[in-house]
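Per-entry structural report
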Amino acid sequence: RGYDMWFVVGERVVGSGAMEVHDFPGGRCAAMTLYDPFADPFARIPAGWDLLHEWVISHGLESPGETLCLEELVEIDGERRLILYHPVREM
């Protein structure tokens, strides 16, 4: 498991050194929001991924081969939430 931090940048931005620029084509994802994920991150975050993955499989939406799973950390009204994005096959 590894993590990168992504930002939206302009088309003319180029990477240098440890900074890389990737084109992310998007796609369809199943998403789930974890509330207060850092209260017990080593339990809540993996459990969330397990639950989301089980949902994807149970609905016949197996993820495409090389697409990345993503996490987005957001703050709403002072509360941190983690949104999990699991790629799914286009229907």
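So, here's what we can say about the structure. In this text the structure is predicted, and so the values were computed from the model without any measurement.

Before going further, it helps to spend a moment on unusual backbone geometry. The backbone of Asp36 shows a phi angle near 50°, a positive value even though the residue is not glycine. Locating Asp36 in the fold gives a position in the loop between strand E1 (29-35) and helix H1 (41-58). Even without being a glycine, Asp77 presents a positive backbone phi close to 50°. On the secondary structure map, Asp77 appears in the loop between strand E2 (70-76) and strand E3 (79-87).

Listed in full, the 11 residues of the largest apolar core are Ala30, Met32, Leu34, Ile45, Trp49, Leu52, Val56, Leu61, Leu82, Leu84 and Val88. Among the secondary structure elements, those contributing two or more residues to this core are E1, H1 and E3. Excluding its chain neighbours within four sequence positions, the residues that come into contact with Ala30 are Leu52, Trp55, Val56, Leu84, Tyr85, His86 and Val88.

Bringing the environment of Met19 into the picture now. Secondary-structure assignment places Met19 in the segment before E1. Considered as a pair, Met19 and Leu52 are 33 residues apart in the sequence and their alpha carbons are 30 Å apart.

Turning our attention to the sheet that holds E3. Across the sheet, 3 strands lie side by side as E1-E3-E2; this open sheet has antiparallel pairing. Of all the strands in the sheet, the pair left with one neighbour each is E1 and E2. Neighbouring strand axes in the sheet, compared pairwise and without regard to direction, differ in orientation by 25° on average. With 7 bridges connecting them, E1 and E3 associate as antiparallel partners. In the strand pairing of E3, Leu34 is matched with Leu82. The strands that H1 touches are E1, E2 and E3; relative to E1, the one it contacts most, it runs at about 150°.

Moving on to the packing of aromatic side chains. The full count for this structure, using the stated rule, is 1 aromatic pair. Ring geometry for Trp6 against Phe24: centres 5.3 Å apart, planes inclined by 65°, an arrangement best described as edge-to-face. Taken together, the residues Trp6 in the segment before E1 and Phe24 in the segment before E1 connect sequence positions 18 residues apart.

What follows deals with the pattern of salt bridges. Scanning the entire structure with this criterion turns up 2 salt bridges. Arg89 is the partner of Glu62 in a salt bridge, and the nearest nitrogen-oxygen pair spans 3.0 Å. Of this pair, Glu62 sits in the loop between H1 and E2 while Arg89 sits in the segment after E3, placing them 27 residues apart in sequence. Under the relative-accessibility criterion, Glu62 is labelled partly exposed at 37%.

Rules used throughout
- Residues numbered from 1 in each chain as written.
- Predicted model: local features only at pLDDT ≥ 70, side-chain atom pairs only at ≥ 80, totals over all residues.
- Heavy atoms only, no water.
- Helix = DSSP H or I, 4+ residues; strand = E, 2+ residues; numbered from the N terminus.
- Core = buried A, V, L, I, M, F, W, Y, C linked by side-chain atoms within 4.5 Å.
- Buried < 20%, exposed > 50% of the residue type's maximum accessible area, 1.4 Å probe, protein only.
- Contact = heavy atoms within 4.5 Å.
- Pairing = 2+ DSSP bridges.
- Axes fitted to C-alpha atoms, helices over the stretch in contact; angles between N-to-C directions.
- Phe/Tyr/Trp six-rings, centres within 6.5 Å; stacked < 30°, edge-to-face > 60°.
- Salt bridge = Lys/Arg side-chain N within 4 Å of Asp/Glu carboxyl O.

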